[in-house]
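Structural description and commentary
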Amino acid sequence: MRARVVAAAVAAVLLTAGTPAPVHAGAAAPVHAGAARAAVVPCPKLPAPKVTRPPRPVPPPAVPAQQAVGGEALATPGLTVPPGVPTPPPVTAASWLVADLDTGAVLGGCGPHEYGTPASVQKLLLAATMLPRLNPKQVVTVTRADLDIEPGSSAVGLLVGGRYAVETAWLGLLLQSGNDAANLLARLGAGSASAGVREMNAEARRLGAGQTHAVTPSGLDGPGQFTSAYDLALIARVCFADPTFRRYALTERTQIPAQPALRKPGFQIQNENQLIYRYPGALGGKTGFTDLARHTYVGAAERGGRRLVVTLLGAEARPVRGWEQGARLLDWGFGLPRDASVGRLVDPGEVTAASASASPPARVAAAPEPARTPVGAPHPPGGVLVGGVVGLVGVLVALLVVGRRRRSRRRVRRRVAWD
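On a predicted model such as this, the values are computed, not experimentally measured, just so you know.

Turning next to the overall build of the chain. Of the regular secondary structure elements, the chain holds twelve helices and eleven strands. Residues counted as buried form 43% of the 419 residues belonging to the chain. Contacts in the chain between residues far apart in sequence, at least 24 positions, make up 71% of those at least 6 positions apart. With an accessible surface of roughly 21900 Å², the chain has 59% of that area assigned to carbon and sulfur atoms.

As structure tokens, then:
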């Protein structure tokens with residue numbers, strides 16, 4: 001009789017195991033990567049003249065997880081803005097983003113996670129990586145390798161054998177977009193320009209800028225070199241958090257010292273970012289241009305206690321120059337309510353920490369301890385539930401065996417008593 005009861009209990013457990021457990025009230029439903037998204041909203045565009053440019057490089061395949069960094073609303077090639085706000089001004093940029101430097105709120109964007117070519121705004125990643133490592137007062141000597149740049153590209157005019165303070169190199173980088181200064185600073189911070197690029201890419205990963213890949217420290221075009229408007233905002237946020245960077249970015253002009261040993265006089269350079277001269281509350285930024293990237297721009301400003309940053313990729317200088325397009329988007333951002341947002345800028349280390357916690361643990365020789373479900377938590381799915389069922393069946397079978405042994409012992413005792 002007891003055997004039949006135990007067998008019935010086992011059957012009942014097995015039948016229950018085959019029935020999906022109900023979702024507890026308040027439990028989050030799973031989000032699938034292939035879930036349908038809203039229709040793409042076109043970005044407001046200014047008509048731009050046709051230009052001759054090299055063939056656009058093929059970007060890496062889109063990774064849904066990277067496109068959704070900062071919020072699902074940012075995973076669009078089109079316009080994303082808070083509901084009910086005024087339409088952003090039209091620009092020629094292929095992609096852009098406006099964000100709050102302090103809160104990290106993303107106020108709006110156009111294709112914020114679309115791949116683009118950075119040009120010299122990539123120098124901000126160099127600054128984010130190397131500024132904390134280098135002593136601005138240290139005097140260094142320029143090597144011939146530091147001047148290995150594309151002929152005709154922007155340069156400060158550093159001389160082989162010349163001796164300059166590191167601060168002078170930073171000012172040459174940010175005011176005059178010196179590619180020679182970029183090579184020098186990358187070498188000083190990592191031992192060589194190529195090692196500096198590796199450190200820049202490591203810093204991009206730390207910041208959560210997963211769509212950014214540097215090939216040159218200066219932003220001169222190279223195969224496989226990409227970034228996005230969102231990634232540029234992450235990088236700019238780190239730069240503008242550094243008071244030394246803010247001082248450099250707002251410097252209007254500086255003197256490149258004479259080199260008596262080389263019989264070369266000094267000269268003055270000016271800041272190329274027109275925002276600092278023409279936009280009230282400007283904090284500075286960075287311009288960029290190559291034939292491939294077209295005009296790129298990063299600019300920041302403060303108004304009414306708010307600090308906003310704008311990033312643009314793939315813009316044309318006509319009918320409106322890049323910094324002016326940035327200024328118009330900053331005006332639009334300052335006009336939005338303080339709580340308006342479509343996403344946020346992730347904190348440094350946040351994405352890498354989340355990826356590490358989501359990765360399966362490394363295999364070890366010893367068998368891992370079975371997972372325990374906290375009291376009150378929903379039942380685990382899949383293999384954990386099956387394992388629990390198997391264990392319960394084992395217990396019931398053991399009880400059945402023990403029951404049989406006890407009945408056997410009672411029969412033996414009875415036979416002994418009867419003999």
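A word on the packing of helix α3 (residues 123–130) against helix α6 (residues 193–207). Two elements in contact, α3 and α6, have axes whose closest approach is 9 Å; the angle formed by their N-to-C orientations is 85°. In terms of orientation, α3 and α6 fall into the roughly perpendicular class. Across from Leu125, Leu126, Ala128, Thr129 and Met130 in α3, the residues of α6 making contact are Gly196, Glu199, Met200, Glu203 and Ala204.

Look at the link from arginine 318 to proline 319: it is a cis peptide, with omega at 10°. With respect to the helices and strands, the residue proline 319 is situated in the loop between β10 (306–315) and α10 (322–334). One non-glycine residue, alanine 119, adopts positive backbone phi at about 55°. Topologically, alanine 119 is positioned in the loop between β3 (105–110) and α3. You can call alanine 119 buried: its relative accessible area is 0%. Despite not being glycine, arginine 294 has its phi angle at roughly 65°, a positive value. Structurally, arginine 294 can be placed in strand β9 (residues 294–303).

Quick look at the pairing of strand β2 (residues 95–100) now. With six of six residues buried, β2 is to be regarded as a mostly interior element. Pairing analysis gives six bridges linking β2 to β10, with the strands arranged antiparallel. Bridge assignment links alanine 99 to a residue of β10, and that residue is valine 309. Pairing geometry for β2 and β3, over four bridges, is antiparallel. The residue bridging valine 98 from the neighbouring strand is glycine 108, located in β3. Here β2 folds back onto β3, and the loop between the two strands holds four residues, one of which, glycine 104, carries a positive phi near 85°.

Next up on the list: the pattern of salt bridges. Tallied over the full model, the rule gives ten salt bridges. Between arginine 133 and glutamate 199 there is a salt bridge whose closest N-O contact spans 2.7 Å. Pair noted here: arginine 133 is in the loop between α3 and β4 (139–141) and glutamate 199 is in helix α6, with a separation of 66 residues, a long-range link. Its relative accessible area of 42% is what places arginine 133 among the partly exposed residues. Salt-bridge contacts for arginine 294 lead to glutamate 316; the nearest nitrogen and oxygen are separated by 2.9 Å.

A word on the state of the cysteines. Using the criterion set out here, one finds one disulfide in the structure. For cysteine 43, the disulfide goes to cysteine 110, at an S-S distance of 2.1 Å. When the S-S torsion is 100°, as for the bridge of cysteine 43 with cysteine 110, the disulfide is right-handed. One end of the pair, cysteine 43, is in the loop between α1 (2–17) and α2 (64–67); the other, cysteine 110, is in strand β3, with 67 residues separating them in the sequence. Among the residues examined, cysteine 43 registers a relative accessible area of 14% and is labelled buried.

Before going further, it helps to spend a moment on the nonpolar core. One finds Trp170, Tyr230 and Phe245 to be the most contacted residues of the largest nonpolar core, which totals 60 residues. The biggest single contributor to this core is helix α7 (residues 229–240), with nine residues. Residue contacts for tyrosine 230: discarding those within four places in its chain leaves Val69, Gly70, Leu74, Leu97, Val106, Pro112, His113, Arg344, Leu345 and Val346. Counting residues in each nonpolar core, the second largest holds 27 residues, with Ala105, Ala315, Trp323 and Ala327 among its members.

Turning next to the side chain of threonine 212. With respect to the secondary-structure elements, threonine 212 resides in the loop between α6 and α7. In this structure threonine 212 comes out as buried when scored by relative accessible area, which is 10%. Within the structure, the side chain of threonine 212 is placed 2.8 Å from the side chain of threonine 227, a separation counted as a polar contact. Within the structure, threonine 212 has its side chain in polar contact with the side chain of aspartate 231 (distance 2.9 Å). Each residue touching threonine 212, except ones within four places of it in the same chain, is listed here: Leu125, Asn201, Ala204, Phe226, Thr227, Ser228, Asp231 and Ile235.

Moving on to the side chain of aspartate 231. Relative to the assigned elements, aspartate 231 resides in helix α7. Nearest to the buried, unbridged aspartate 231 among oppositely charged side chains is arginine 205, at 11 Å. Excluding its chain neighbours within four sequence positions, the residues that come into contact with aspartate 231 are Gly208, Ala209, Gly210, Gln211 and Thr212.

What follows concerns the confidence of the model for the chain. In this model, the chain carries a mean pLDDT of 83, and residues with pLDDT of at least 70 account for 76%. Below a pLDDT of 50 lies the segment residues 1–36, which in the model reaches 17 contacts outside its immediate sequence neighbourhood of four places, other chains included. Every residue in residues 361–419 is under pLDDT 50, and counting partners more than four places away or in other chains gives 20 contacts.

Looking now at α10. Note on helix geometry: an α-helix contains 3.6 residues per turn, so any two residues three or four positions apart are oriented the same way. The end-to-end C-alpha distance of α10 is 19 Å, a good match for the 18 Å that 13 residues give at a rise of 1.5 Å each. Of all 13 residues making up α10, ten are buried, and the element is well covered by its neighbours. Contact partners of the buried residues in α10: β2, β3, α9 (275–278), β9 and β10.

Definitions and limits used
Residues numbered from 1 in each chain as written. Predicted model: local features only at pLDDT ≥ 70, side-chain atom pairs only at ≥ 80, totals over all residues. Heavy atoms only, no water. Helix = DSSP H or I, 4+ residues; strand = E, 2+ residues; numbered from the N terminus. Buried < 20%, exposed > 50% of the residue type's maximum accessible area, 1.4 Å probe, protein only. Contact = heavy atoms within 4.5 Å. Areas by Shrake-Rupley, 256 points an atom, 1.4 Å probe, with all protein chains shown as cover. Axes fitted to C-alpha atoms, helices over the stretch in contact; angles between N-to-C directions. Parallel < 35°, antiparallel > 145°, perpendicular 65-115°, else oblique. Pairing = 2+ DSSP bridges. Salt bridge = Lys/Arg side-chain N within 4 Å of Asp/Glu carboxyl O. Disulfide = S-S within 2.5 Å. Core = buried A, V, L, I, M, F, W, Y, C linked by side-chain atoms within 4.5 Å. Polar contact = N/O pair within 3.5 Å; in protein donor to acceptor, adjacent residues only side chain to side chain. Lys, Arg positive; Asp, Glu negative; His and termini not counted. pLDDT = per-residue confidence, 0-100. Expected span 1.5 Å × (residues − 1).

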